[in-house]
Amino acid sequence: MQIDVVTIFPEYLAPLRAALLGKAIDKGLISVGVHDLRDWTQDVHKAVDDSPYGGGPGMVMKPDIWGQALDDVCTDSTRLIVPTPAGRPFTQALAHEYASESHLVFACGRYEGIDQRVVDDAARRVRVDEVSIGDYVLVGGEVAVLAIVEAVARLLPGVLGNPKSHAEDSFQDGLLEGPSYTRPEVWRELAVPDVLRSGNHKLINRWRRDQSLVRTFERRPDLLESLPAEAFDKHDRAL
Ligand SMILES: COC(=O)COc1cccc(COC(=O)c2cn[nH]c2)c1
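Keep in mind that this is a model prediction, so the values were computed, not measured.

Let us now look at the sheet that holds strand 7 (residues 127-132). Spatial strand order, 2-1-6-5-7: 5 strands in an open sheet with parallel pairing. Only two strands of the sheet have a single neighbouring strand rather than two, namely strand 2 (31-36) and strand 7. Within the sheet, the average angular offset between the axes of one strand and its neighbour, ignoring direction, is 25°. Looking at chain direction, strand 5 (residues 78-89) and strand 7 are connected through 7 bridges and run parallel. Counted as the bridge partner of Val82 is Glu130 from strand 7.

What follows concerns unusual backbone geometry. Between Arg183 and the following residue, Pro184, the backbone shows a cis peptide bond with an omega angle of 5°. One can find Pro184 in the loop between helix 5 (142-153) and strand 8 (186-187). At Arg188, a residue that is not glycine, the phi angle is positive and equals roughly 50°. Inspection of the secondary structure puts Arg188 in the loop between strand 8 and strand 9 (190-191). Of note in this structure, Glu189 is not a glycine but carries a positive phi near 65°.

Among the 18 residues in the neighbourhood of the ligand, the closest are listed as Ile114, Ile133, Gly134, Tyr136 and Leu138. Between the ligand and the protein, one listed contact pairs an oxygen atom with a backbone N or O atom of Leu138 at 2.8 Å. Coverage of the ligand by the protein chains reaches 95% of its 490 Å² of free accessible surface. Mapped by element, the contributors of at least two residues to the shell around the ligand are strand 5 and strand 7. Per-class residue counts for the shell around the ligand are 10 nonpolar, 7 polar and 1 charged.

For the rest of this paragraph, the subject is the nonpolar core. Ranked by internal contacts, the top residues of the largest apolar core, which has 28 residues, are Ile3, Phe90, Tyr98, Phe106 and Val152. Elements represented by at least two residues in this core include exactly strand 1 (2-7), helix 1 (19-26), helix 3 (92-99), strand 6 (103-107) and helix 5. A total of 6 residues in this core trace back to one element, the largest contributor, which is helix 5. In this structure, Phe106 is in contact with Ile3, Asp4, Val5, Val6, Ile81, Val145, Ile148 and Val149, ignoring residues within four places of it in sequence.

Cut-offs used in this document
- Residues numbered from 1 in each chain as written.
- Predicted model: local features only at pLDDT ≥ 70, side-chain atom pairs only at ≥ 80, totals over all residues.
- Heavy atoms only, no water.
- Pairing = 2+ DSSP bridges.
- Helix = DSSP H or I, 4+ residues; strand = E, 2+ residues; numbered from the N terminus.
- Axes fitted to C-alpha atoms, helices over the stretch in contact; angles between N-to-C directions.
- Near = heavy atom within 4 Å.
- Polar contact = N/O pair within 3.5 Å; in protein donor to acceptor, adjacent residues only side chain to side chain.
- Areas by Shrake-Rupley, 256 points an atom, 1.4 Å probe, with all protein chains shown as cover.
- Nonpolar A, V, L, I, M, F, W, Y, C, P; charged D, E, K, R; others polar.
- Core = buried A, V, L, I, M, F, W, Y, C linked by side-chain atoms within 4.5 Å.
- Buried < 20%, exposed > 50% of the residue type's maximum accessible area, 1.4 Å probe, protein only.
- Contact = heavy atoms within 4.5 Å.

Laid out in structure tokens, this is it:
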């Protein structure tokens, strides 16, 4: 998979080459290109933003600069992803979709955002997703790109040590992951739940499922509502 990121802060993307992703890059599973948007400016001030039409605070990123950058970086098979607070939610399902793409391009917005015509024009040639990683406002898209790229890269075969660990991902069965424990058996007078040391895997799986359901009900009831009825067996309903 080829990943390209266009940003005015290329150094912000340095962590992409560290650790997990660094290994994936070394193995040739992913190749990452980081491009400085200012490389496409012609003026001495390398201006990338201007005042918003209609007035209002802040600045908007200029369409002409972005247009040239995306013309050079995108290809017909590109999936263009623009992190924005106004985007549709980035979810584990979308991470799986992105993991099957051959070329992801990320456009990092700053200030009050990118002139909307950049997205509208790009959508004439490539698939464009404006996605949100959460209901809060960051200063720019770079941090969101780090989060999205990590969520996608870990799904690629060969990137994670243990391929089975996706199967137990939170959201994999639409529920939140329950609590996990490791040695010691008692720590600061807190003991590991007995069932986990029983060796009875039928009971253990049942207990883990119950923990997931209770945690999801308590923390993310919205996730329960979006699950079909057949997702719950008779024991679940008894909870
Ligand atoms: C068309 O897209 C744009 O104009 C994007 O512009 C901006 C402007 C400011 C900040 C950001 C970064 O994204 C977030 O803050 C964000 C994403 N998820 N949750 C918060 C992007």
